[in-house]
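# Chains, contacts and geometry: an overview
Spelled out from the first residue to the last, the chains are:
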Amino acid sequence: MPRPFIQPFMPKKIQTDSGIIILPVYNEKDMGAVPENAGEFPYTRGIYPDMYRSKMWTMRQYAGFSTAAESNKRYHYLLGQGVTGLSVAFDLPTQIGYDSDHLLAEGEVGKVGVAIDSIVDMEELFAGIPLEKISTSMTINATGFILLALYVALAKKQGADLKKISGTVQNDILKEYAARGTYIYPPRPSMRIITDIFEWCSMELPKWNSISISGYHIREAGSTAVQEIAFTLSNGKAYVKAALEKGLDINVFGKRLSFFFNAHNNLFEEVAKFRAARRMWARIMKDLGATDPQSLMLRFHAQTGGSTLTAQQPLNNIARVTIQALSAVLGGTQSLHTNGYDEALGLPTESAAGIALRTQQIIGFESGIADTTDPLGGSYLVESLTSSVEQAAWDIIRKVDEYGGSVAAIEEGFIQNEIAKSAYQQQREVETGEKTIVGVNAFQSPEKDPTPVFRVDDSIRKIQTDKLARIRTQRDHAKVDQLLQLLNDKASSGENIMPVVVEAVEARCTLGEIADTLREVFGEY
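A brief look at the structure comes next. (Residues numbered from 1 in each chain as written. Predicted model: local features only at pLDDT ≥ 70, side-chain atom pairs only at ≥ 80, totals over all residues. Heavy atoms only, no water.)

Okay, the layout of surface pockets next. Considered as a void within the structure, the second largest pocket measures approximately 770 Å³ in volume. As for the second largest pocket, its lining consists of 38 residues, and the residues nearest its centre are Thr58, Arg60, Asn209, Arg299 and Gln334. Only strand 3 (58-63), strand 5 (135-139), strand 6 (167-169), strand 9 (257-263) and strand 10 (300-304) provide two or more residues apiece to the lining of the second largest pocket. Residue contributions to the lining of the second largest pocket peak at 4 residues, all from strand 5. Counted by class, the lining of the second largest pocket contains 12 nonpolar, 20 polar and 6 charged residues. (1 Å grid on protein atoms, 1.4 Å probe; cavity = no way out; pocket = protein on both sides within 12 Å on 5 of 7 lines; lining within 4 Å. Points joined across faces, edges and corners; volume = space filled by probe spheres on them. Helix = DSSP H or I, 4+ residues; strand = E, 2+ residues; numbered from the N terminus. Nonpolar A, V, L, I, M, F, W, Y, C, P; charged D, E, K, R; others polar.)

Take the nonpolar core next. Here is a general trend for soluble globular proteins: nonpolar side chains tend to be buried in one another's company. Judged by nonpolar contacts, the single largest core of 140 residues is most densely connected at Met122, Phe126, Phe145, Leu148 and Ile514. If you tally residues by element for this core, the top one is helix 5 (residues 144-158), at 11 residues. Phe65, Ala105, Val109 and Leu347 belong to the second-largest nonpolar core, a separate cluster that totals 7 residues. (Core = buried A, V, L, I, M, F, W, Y, C linked by side-chain atoms within 4.5 Å. Buried < 20%, exposed > 50% of the residue type's maximum accessible area, 1.4 Å probe, protein only.)

The subject of this paragraph is the packing of aromatic side chains. Scanning all chains against the criterion turns up 18 aromatic pairs. Relative to tyrosine 151, the ring of phenylalanine 126 has its centre 5.4 Å away and its plane inclined at 85°; by these criteria the two rings are edge-to-face. Of the two residues, phenylalanine 126 sits in the loop between helix 4 (119-125) and strand 5 while tyrosine 151 sits in helix 5, which places them 25 residues apart along the sequence. What makes tyrosine 151 buried here is its relative accessible area of 0%. (Phe/Tyr/Trp six-rings, centres within 6.5 Å; stacked < 30°, edge-to-face > 60°.)

A separate point is the packing of helix 11 (residues 267-287) against helix 13 (residues 316-330). Viewed as axis vectors pointing N to C, helix 11 and helix 13 meet at an angle of 30°, and their least axial separation amounts to 8 Å. The pairing of helix 11 with helix 13 is recorded here as roughly parallel in orientation. For the pair helix 11 and helix 13, the crossing hand works out as right-handed. Each of Leu267, Glu270, Val271 and Phe274 in helix 11 lies in contact with helix 13, whose residues at this interface are Ile323, Leu326, Ser327, Ala328 and Leu330. Each residue belonging to the contact of helix 11 with helix 13 can be placed in one class, and the counts come to 7 nonpolar, 1 polar and 1 charged. (Axes fitted to C-alpha atoms, helices over the stretch in contact; angles between N-to-C directions. Parallel < 35°, antiparallel > 145°, perpendicular 65-115°, else oblique. Left-handed = near helix turned anticlockwise from the far one by under 90°. Contact = heavy atoms within 4.5 Å.)

Direction vectors running N to C along helix 7 (residues 187-204) and helix 9 (residues 225-245) enclose 70°, while the axes themselves pass 10 Å from each other. By the angle between their axes, helix 7 is roughly perpendicular relative to helix 9. The segment helix 7 lies against helix 9, with Met191, Ile194, Thr195 and Phe198 engaging Ala238, Tyr239, Ala242 and Ala243. Of the residues contributing to the contact of helix 7 with helix 9, the split by class is 7 nonpolar, 1 polar and no charged.

And the structure:
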């Protein structure tokens, strides 16, 4: 029998998960200075004066599963439903540099994303989709350079103008060490690959975002809102400094940096988090020498909180996702993905993905929220919270700086430990009832939920393995060997590896072969 809900004792001191005290009522004295207008440094109220009046945020749906051909069907469905940008999920073998026929790929092929082994898969993934006309975000990090090369090779094959190609490769390896785990190489060689991408994109793909510095997975691992932006902006500083050390121009590569944040349930703290992050990044970039206004602007994609979704009473997740999407829009996001209500159970069904997209569309076209810039600007509560979040985040950033920056702080385990302590505290509060989760530790229901679950069959691995066998018999073996050796040489000498990676994927070198070539040079972490 489910235990009856007992309203927990509410202490007089109410605070957010970040430890920010919430007052019973806010007045003008709590607000502090009124921020500048949107479109003006440091962009607290938004990076553009008119925001969504001029251009609605990009409505993406994160999708990828099974084979490239199956994922392609979902993409065409989503485009037909009104998405304005694609967001690709890759399976774990792809993320950590193993072809589908590798021994360690068994049981994981196509499960949490699409399996991409070669240019052949990329062609199937985007069949019938002109890359010059669609913005694509790819959630990939350790092998991000390979997937970017595959995307460019396909765009070239389609006859696209690379100067017009737009999208984002996540390419944020520091948060993998801190929170997620899909890394391959040690931190410092990984940083070198990332700056190679910065340099190459600045010359070849001027509209492409060469990194999406991600707080999303830091939050999913259990951080607070304050820790999310503090660690993310610290990682951002590390990438910028690495690029400067490589001799790159901050006013050039700075324009193509983007961020990826989580949107959780505490509506006002989340709005304050997004506003504070913009203000802080503008000041960080200015201190690092940026002068071009576009290089000072924090542009971000948001995704609703996967870790907030419950397997119990999953339809409740529609309400959670709506609140979270509202926080992202009210906070000024440039791009948004809304989770399917069934994602605590499995990959989203087509129906759940459709409802998630409609949630964005209703907010955008029916709520009136998009009609004015920064609707909560000037709110006593929101302005006070923005300043409180900012101050608390600066305190954490100073601690990271004392270690010598994010790379050193990760190597010492500081960032991982802080996230783990926060995750433990939040879970403890759920288990003791201090924190109420509807349907989980309160308002429980004895009924069995009938929600259908989307599963991917293990036969996908054989399909991919057979395809790999055909590719390896049909390609020019001498050219493959030559290009992989050239990649080894350039990685060893410190030259930019991106041009030869593009050549390699065009010659049908596989993702695993390219990743393994760099394993020989850099080792594994």
